[in-house]
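For reference, the chains in residue letters:
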Amino acid sequence: MVKNVASVVAELDPEDFYLLSGVEQGMRFSEWVNRDKLPDYANLTAEEVDYRLDRCMKRDLIQRRTIQYEGYQLTFEGYDVLALHTFAERDTVEGVGAPLGVGKESDVYEAQSYRPLALKFHREGYTNFREVNKEREYTADHHHVSWLYTARKAAEREHDALETLYPDVSVPRPIDHNRHAILMEKFEGVELARAKLDDAQVVGVLDLVLDEVATAYEAGMVHADLSEHNVAVAESGITIFDWPQSVSTDHANAGELLERDVENLVGFFRRKYPAVVPEVDTAAVADALTAGEFETVREFAASRSS
């Protein structure tokens, strides 16, 4: 767990970080880094590399595999250590607290800092690399793509989206970013999928989410993976999170992805609250957005049939 890894950071010497960074650099060119190349990558002597390899392997920060050569690779714990070390050097994170959410593609923890923050580590591709690599367009044009690259690009994309959207759109406020990790302001609420709304709240919440979708489109972004699992509902309003698959509005498939987002969202409300939410022409809502008719979407009543 990341919380356990955080304690490892304090145990490591500067030379241990040189080795980990050297393995990271080598993984840009090969999935498994040749042992003979590590002294150059890490800027350490061969003897020092041997010693540091032993220390890092005991802490499960790297792993070894013998193929046609003796190769080494970072584990996700090793990659976590590098990101945490950088955040600590920047004085943005003082420690790691309790988990806020653990899933197949990301782990989120409380960050110990000067205010309530959340630290998200992207995990895309580590256990299901081939499937994720096939689905993510940001890996399509690269011949050598590793889980390390996939996770880093996912974090970069999400951080860029948050910086573009905040504060005009209700998304987590981005604080810092390094490698596969994003530091953001902790937000309130529970997942829409688990929220208990009364009939009087249902349409109001749906209106709020569509309003944020419209504002995001106006700012040039489409979420592209919107569902009841990445919308948080609180007394203060809603927050849309998880933006690594987002695309710009000039993307070739932006209109199609936008309509899918609207269909996913409205479909959830129709299934869970069929007596409150009538049929909605999701294609018309998406068309209004792509045509720039944002006020039409914001006035949700005008976009649904009686």
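Residues numbered from 1 in each chain as written. Predicted model: local features only at pLDDT ≥ 70, side-chain atom pairs only at ≥ 80, totals over all residues. Heavy atoms only, no water.

Enquirer: Is there a simple way to explain the overall build of the chain in this structure?
Expert: Summing up its helical and strand segments, the chain has 11 helices and 13 strands in all. Principal axes of the C-alpha set define a box for the chain whose edges measure 75 × 40 × 30 Å. Scored against the burial criterion, the 306 residues of the chain give a buried share of 50%. Considering only contacts in the chain between residues 6 or more positions apart, those separated by 24 or more positions represent 63%. For the chain, the separation between the mean place of its 32 positive charges and that of its 57 negative charges on side chains is 6 Å. (Helix = DSSP H or I, 4+ residues; strand = E, 2+ residues; numbered from the N terminus. Buried < 20%, exposed > 50% of the residue type's maximum accessible area, 1.4 Å probe, protein only. Contact = heavy atoms within 4.5 Å. Lys, Arg positive; Asp, Glu negative; His and termini not counted. Charge placed at Lys NZ, Arg CZ, Asp CG, Glu CD.)

Enquirer: Got a minute to help me understand the side chain of asparagine 230 in this structure?
Expert: Within the secondary structure layout, asparagine 230 lies in the loop between β10 (221-222) and β11 (231-234). A polar contact is formed between the side chain of asparagine 230 and the backbone nitrogen of serine 227, at a distance of 2.9 Å. In this structure, asparagine 230 is in contact with His223, Asp225, Thr239, Ile240, Phe241 and Asp242, ignoring residues within four places of it in sequence. (Polar contact = N/O pair within 3.5 Å; in protein donor to acceptor, adjacent residues only side chain to side chain.)

Enquirer: What's the story with helix α5 (residues 76-89) in this structure? I'm lost.
Expert: If you check α5, its first and last C-alpha atoms are 20 Å apart, about what 14 residues at 1.5 Å a residue would give, namely 20 Å. Of all 14 residues in α5, 10 are buried; the element is thus mostly enclosed. When we look at burial in α5, the residues that qualify are Phe76, Gly78, Tyr79, Asp80, Val81, Leu82, Ala83, Leu84, Thr86 and Phe87. Looking at the residues trailing α5, positive phi occurs at aspartate 91, about 60°. (Expected span 1.5 Å × (residues − 1).)

Enquirer: Looking at this structure, how should I read the confidence of the model for the chain?
Expert: Low-confidence regions, as indicated by low pLDDT, have predicted coordinates that should not be scrutinised in detail. Scored by pLDDT, the chain has a mean of 89; 90% of the residues are at 70 or more. The model gives residues 301-306 a pLDDT under 50, and that stretch makes 10 contacts with residues more than four places away or in other chains. (pLDDT = per-residue confidence, 0-100.)

Enquirer: Before we go on, may I ask you to explain unusual backbone geometry in this structure?
Expert: Most peptide bonds take the trans form, and the phi angle of most residues other than glycine is negative. Cis geometry is found at the peptide bond from tyrosine 166 to proline 167, where omega equals 5°. With respect to the helices and strands, proline 167 occurs in the loop between α7 (147-165) and β7 (174-178). For aspartate 91, which is not a glycine, the phi torsion comes out positive at approximately 60°. Within the secondary structure, aspartate 91 is located in the loop between α5 and β4 (95-102). Phi angles above zero are rare outside glycine, and aspartate 242 is one such case at about 65°.

Enquirer: Would you take a moment to explain the pairing of strand β8 (residues 181-185) for this structure?
Expert: Side-chain positions along a regular strand alternate between the two faces of the sheet. Here β8 lies mainly inside the structure; 4 of its 5 residues are buried. Where strand β6 (residues 117-122) meets β8, 5 bridges bridge the pair, whose relative direction is antiparallel. Counterpart to leucine 117 in the pairing with β8 is glutamate 185. In terms of strand pairing, β7 meets β8 through 4 bridges, oriented antiparallel. In the strand pairing of β8, histidine 177 is matched with isoleucine 182. As consecutive antiparallel partners, β7 and β8 are separated by 2 residues, and within that stretch arginine 179 has a phi angle of approximately 50°, a positive value. (Pairing = 2+ DSSP bridges.)

Enquirer: Hey, could you run me through the packing of aromatic side chains in this one?
Expert: By convention here, two paired aromatic rings are described through the distance between centres and the angle between planes. In the structure shown here, the tally under the stated rule is 8 aromatic pairs. When the ring of phenylalanine 76 is compared with that of tyrosine 79, the centres are 6.4 Å apart and the planes differ by 45°; the resulting orientation is tilted. Remark: tyrosine 79 and phenylalanine 76 occur in helix α5; sequence separation between them is 3 residues, near one turn of the helix. Given the relative accessible area of 0%, tyrosine 79 is considered buried. These aromatic residues form a ring-pair network of at least three members: Phe76, Tyr79 and Trp147. When the ring centre of phenylalanine 76 is taken as reference, the NZ or CZ atom of arginine 123 above it lies at 4.7 Å. (Phe/Tyr/Trp six-rings, centres within 6.5 Å; stacked < 30°, edge-to-face > 60°. Lys NZ or Arg CZ within 6 Å of the ring centre and 35° of its normal.)

Enquirer: It is not clear to me how the domain arrangement of the chain should be interpreted in this structure. Could you clarify?
Expert: Note on interface size: it is often stated as the accessible area lost on association of the parts. Split into domains, the chain comes out as domain 1 (5-185) and domain 2 (190-300). Placing the centre of domain 1 and that of domain 2 at their C-alpha centroids yields a distance of 32 Å. Counting residues at the interface gives 18 residues for domain 1, matched by 16 residues for domain 2. Summed over both sides, the interface between domain 1 and domain 2 buries roughly 1300 Å², with carbon and sulfur atoms accounting for 59% of that surface. Contact with domain 2 buries area across many residues of domain 1, yet Leu165, Val169 and Ser170 alone supply 33% of it, more than any other trio. (Domains from an automatic or database assignment. Buried area = accessible area lost by both parts, 1.4 Å probe.)

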